[in-house]
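Single-letter residue listing:
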Amino acid sequence: MNVLCVGDVVGTVGCDFLRRHLPSLKKLKNIDAVIVNGENSADSNGITRQCADHILTSGADCITTGNHSFQRQDSFDMYDDETLPIVRPANYPEGVPGRGMEILDFGRRQLAVINLMGIVTMREPLCCPFKTADALIAQCRTPFIIVDFHAEATSEKRALAEYLDGRVSAVFGTHTHVQTADEQILAGGTGFITDVGMTGPVNSVIGMKPEVAIHRFTTHLPFRNVYADGPCMINAVLFELDDTTGKTLSVERIIIK
């Protein structure tokens, strides 16, 4: 089973670039399932139903999110729509709209997609991602389990991957928007990359116009995100999973410009 995990889609330009290139990439790589992090897909941050529909009709099977999951008030109801394959971090407190795991049914196989968020240097006081992962994995009746860990600290990402090694198919990091070059298969057969990267404008500071980012860093004043335009890229990682065990056979880092 070939599972493509796509890095944080940034704004309309990222959504449009994904739509233009994802269908051909799926054919080229014989991809069975596509997971896309869409928490930055709206132009002023967050995600809307329109953005989610755009990503899904581009060829994604499931959308994961992160710390901007609830950036927009009009997105709250979207998470409670059980027909929409979109998840938010599972370690949000009980009572928060939505769910943290989606089971994708492909007939002969089912793929569980788990979304978690880190707690190191992140603003949200969430539940422990390690214990939350334990509880969700206990519910799974499939060996095919992919985890999107939306976190800042590289150490926390690696620690979770090691903690889950042999119990999930793969763990891919999101949030930093910079693709790391450490794709690997851990000792227990779990595929891992610290951060899959970003889908959006190349000439930017993690998707934002450089002048906006510079203004924020030099003045320390709040400033609304303004996404860059121009040439775009897709950052992704492809996990080839064993059809019986669900463990990772190979990991391929992908960059499309």
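Up top is the structure these notes are about.
Since we're looking at a predicted model, the values are computed, not measured.

S.K.: I'm lost on the pattern of salt bridges in this one. Help?
M.R.: Side chains that carry opposite charge are capable of pairing whenever their charged atoms lie near each other. Applying the stated criterion to the full structure yields nine salt bridges. Here lysine 29 makes a salt bridge to glutamate 252, at a shortest N to O gap of 2.8 Å. Remark: glutamate 252 occurs in strand β13 (residues 248-256) and lysine 29 occurs in the loop between α1 (11-28) and β3 (33-37); sequence separation between them is 223 residues. Note that arginine 167 and aspartate 134 form a salt bridge whose closest N and O atoms lie 2.9 Å from each other. Pair noted here: arginine 167 is in the loop between α5 (154-164) and β8 (170-174) and aspartate 134 is in helix α4 (residues 129-139), with a separation of 33 residues, a long-range link. Bridged by salt links that share partners, the residues Arg49, Asp53 and Asp81 form one connected network.

S.K.: Where do I start with the pairing of strand β6 (residues 110-117) in this structure?
M.R.: Regular strands have side chains that alternate between both faces of the sheet. Taken across its eight residues, β6 has seven buried, putting it largely inside the fold. For strand β5 (residues 101-105) and β6, the ladder comprises five bridges, and the chain directions are antiparallel. Within the sheet, the bridge partner assigned to glutamate 102 lies in β6 and is valine 113. Once β5 ends, the chain turns through four residues before running back antiparallel as β6, passing glycine 107 with a positive phi of about 85 degrees. Relative to strand β7 (residues 145-150), β6 runs parallel, the two sharing six bridges.

S.K.: Would you mind going over unusual backbone geometry with me for this structure?
M.R.: Backbone geometry follows two general trends: most residues other than glycine have a negative phi, and most peptide bonds adopt the trans configuration. A positive phi angle, close to 70 degrees, is found at histidine 177, a residue other than glycine. Within the fold, histidine 177 resides in the loop between β8 and β9 (184-185). Accessibility expressed as a relative area gives 9% for histidine 177, which makes it buried.

S.K.: Please clarify how the packing of aromatic side chains should be interpreted in this entry.
M.R.: Aromatic ring pairs are described here by two measures, namely the spacing of the ring centres and the angle between the planes. Scanning the model with the defined rule gives four aromatic pairs in all. Where phenylalanine 70 meets phenylalanine 76, the ring centres are 5.1 Å apart and the plane angle is 65 degrees; that geometry is what we call edge-to-face. Residue class for phenylalanine 70 comes out buried when judged on its relative accessible area of 18%. Arranged with centres 4.9 Å apart and planes meeting at 50 degrees, the rings of phenylalanine 70 and tyrosine 79 form a pair that is tilted. A single burial state applies to phenylalanine 70 and to tyrosine 79, both of which are buried. The rings of Phe70, Phe76, Tyr79 and Tyr92 are connected pair by pair, giving a single aromatic cluster. Seen from the ring of tyrosine 163, arginine 167 lies directly overhead, with NZ or CZ sitting 5.0 Å from the centre.

S.K.: Whenever I open this one, the nonpolar core confuses me. Can you help?
M.R.: A general trend in soluble globular proteins is that nonpolar side chains are found buried together. Counting residues in hydrophobic clusters, the biggest one holds 34 residues, and the most contacted among them are Leu4, Val6, Leu18, Val34, Val36 and Ile47. Elements supplying a minimum of two residues to this core: β1 (2-6), α1, β3, α2 (49-57), α3 (76-79), β12 (232-241) and β13. Looking at which element gives the most residues to this core, the answer is α1, with five residues. The contacts of valine 34, once residues within four sequence positions are left out, are Leu4, Val6, Leu22, Lys26, Gly59, Ala60, Asp61 and Cys62. Counting 21 residues, the second largest nonpolar core, distinct from the first, contains Ala90, Phe130, Val171 and Leu186.

Criteria and cut-off values
- Every chain is numbered independently, its residues counted from 1 as its sequence is written.
- Only residues with pLDDT of at least 70 get local features here, since the model is predicted, and only at 80 or more are side-chain atom pairs given and counted; chain-wide, interface and lining totals rely on the full set of residues.
- Water and hydrogen atoms play no part in the side-chain values, which are based on all heavy atoms of the structure.
- The salt bridge definition used is simple: a Lys or Arg side-chain nitrogen within 4 Å of an Asp or Glu carboxyl oxygen.
- Elements are defined by DSSP. Helices are runs of H or I of four residues or more, strands are runs of E of two residues or more, and each kind is numbered from the N terminus.
- Categorising residues by exposure relies on relative accessible area from a 1.4 Å probe, with only protein chains included: less than 20% of the type maximum marks a residue as buried, more than 50% marks it as exposed, and the intermediate range marks it as partly exposed.
- Strand pairing is assigned whenever DSSP detects at least two bridges linking the two strands.
- For Phe, Tyr and Trp, rings pair up if their centres lie within 6.5 Å, where Trp contributes its six-membered ring, and each pair is then called stacked (planes under 30 degrees apart), edge-to-face (over 60) or tilted (otherwise).
- Whether a charge sits over a ring comes down to the Lys NZ or Arg CZ being within 6 Å of the ring centre and within 35 degrees of the ring normal.
- Joining through side-chain atoms within 4.5 Å is the link that ties buried Ala, Val, Leu, Ile, Met, Phe, Trp, Tyr and Cys residues into a set, and such a set is a nonpolar core.
- For this analysis, residues touch if any pair of their heavy atoms sits within 4.5 Å.

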